Amino acid sequence: MEIPETAQADALRNVARLGAERADALATADRLTAELRTATVHAVRSGASRTRARELSGVSGDLFYAWIEGAGIEVRRRRKKMAAAPDSQGRRPLGRGASDTPEDT
């Protein structure tokens, strides 16, 4: 039978080890993110395709464009999506995969 204090000490040592590993991983992620940002901005400035640079960076489009805009590179604003025009009978088209009949419940 294990003594409760020994079990607690083992558990706390494990928590401390994992906490230190996590802190190291987060520090590494922060460093890599900063390097990735610099490299991504450099690629765009050198004339690389923005689409390809974004794909290879593995970050979201919003973050990618925030990086390049933050570096002083011009970014076009997104156009708002327009609703589809109604047909001759005043109906608007259904979205992809939509049905014009209610689902059975």
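Anything mentioned here points back to the structure above.
Criteria and thresholds
- Residues numbered from 1 in each chain as written.
- Predicted model: local features only at pLDDT ≥ 70, side-chain atom pairs only at ≥ 80, totals over all residues.
- Heavy atoms only, no water.
- Helix = DSSP H or I, 4+ residues; strand = E, 2+ residues; numbered from the N terminus.
- Buried < 20%, exposed > 50% of the residue type's maximum accessible area, 1.4 Å probe, protein only.
- Contact = heavy atoms within 4.5 Å.
- Areas by Shrake-Rupley, 256 points an atom, 1.4 Å probe, with all protein chains shown as cover.
- Core = buried A, V, L, I, M, F, W, Y, C linked by side-chain atoms within 4.5 Å.
- Phe/Tyr/Trp six-rings, centres within 6.5 Å; stacked < 30°, edge-to-face > 60°.
- Axes fitted to C-alpha atoms, helices over the stretch in contact; angles between N-to-C directions.
- Left-handed = near helix turned anticlockwise from the far one by under 90°.
- Nonpolar A, V, L, I, M, F, W, Y, C, P; charged D, E, K, R; others polar.
- Parallel < 35°, antiparallel > 145°, perpendicular 65-115°, else oblique.
- Salt bridge = Lys/Arg side-chain N within 4 Å of Asp/Glu carboxyl O.

Undergrad: Looking at this structure, I do not really get the overall build of the protein. What am I missing?
TA: Summing up its helical and strand segments, the protein has three helices and zero strands in all. In the protein, the succession of α and β elements from N to C terminus is α-α-α. Taking all 105 residues of the protein together, 11% fall into the buried category. Counted over contacts in the protein with a minimum sequence separation of 6, partners at least 24 positions apart contribute 36%. Counting only carbon and sulfur atoms, one obtains 53% of the accessible surface of the protein, whose full area is about 9300 Å².

Undergrad: When you look at the nonpolar core in this model, what are you seeing that I'm missing?
TA: Side chains of a nonpolar character, in soluble globular proteins, are inclined to be buried together. If you look at the biggest cluster of nonpolar residues, it comprises nine residues: Val41, Val44, Ala53, Val59, Phe64, Trp67, Ile68, Ile73 and Val75. Of all the secondary structure elements, the ones that give two or more residues to this core are helix H1 (4-45) and helix H3 (61-70). Tallying contributions element by element places H3 first for this core, with three residues. Dropping the residues within four chain positions of it, isoleucine 68 is found in contact with Val41, Val44, Arg50, Ile73 and Val75.

Undergrad: Where do I start with the packing of aromatic side chains in this structure?
TA: Two aromatic rings, taken as a pair, are described by how far apart their centres are and by the angle between their planes. Counted according to the given criterion, the structure contains one aromatic pair. Arranged with centres 5.0 Å apart and planes meeting at 85 degrees, the rings of phenylalanine 64 and tyrosine 65 form a pair that is edge-to-face.

Undergrad: Quick question: what am I supposed to make of the packing of helix H2 (residues 50-57) against H3 here?
TA: When two helices pack together, you describe them by how their axes are tilted relative to each other and by the distance separating the axes. Where H2 contacts H3, the axes come no closer than 10 Å and their chain directions differ by 120 degrees. Note on packing geometry: the crossing formed by H2 with H3 is right-handed. On H3, the residues touching Arg50, Ala53, Arg54 and Ser57 of H2 are Gly61, Phe64, Tyr65 and Ile68. A per-class count over the contact of H2 with H3 returns four nonpolar, two polar and two charged.

Undergrad: Just to check I follow, could you spell out the packing of H1 against H3 for this structure?
TA: Relative to each other, H1 and H3 sit at 70 degrees, their axes nearing to 10 Å. Taken together, the axes of H1 and H3 are roughly perpendicular relative to one another. Crossing angle aside, the handedness with which H1 passes H3 is right-handed. Seen from H1, the contacting residues are Thr33, Leu36, Arg37, Thr40, Val41 and Val44; seen from H3, they are Phe64, Trp67, Ile68 and Gly70. Considering only residue class, the contact of H1 with H3 consists of six nonpolar, three polar and one charged.

Undergrad: When you look at the pattern of salt bridges in this model, what are you seeing that I'm missing?
TA: Enumeration over the complete set of coordinates arrives at five salt bridges. Aspartate 10 is the partner of arginine 13 in a salt bridge, and the nearest nitrogen-oxygen pair spans 2.3 Å. A residue pair is termed a helical-turn pair when its members lie 3 or 4 positions apart in one helix, as arginine 13 and aspartate 10 do in helix H1 at three residues. In this structure aspartate 10 comes out as partly exposed when scored by relative accessible area, which is 35%. Across the pair glutamate 69 and arginine 77 runs a salt bridge, and its minimum N-O distance is 2.4 Å.

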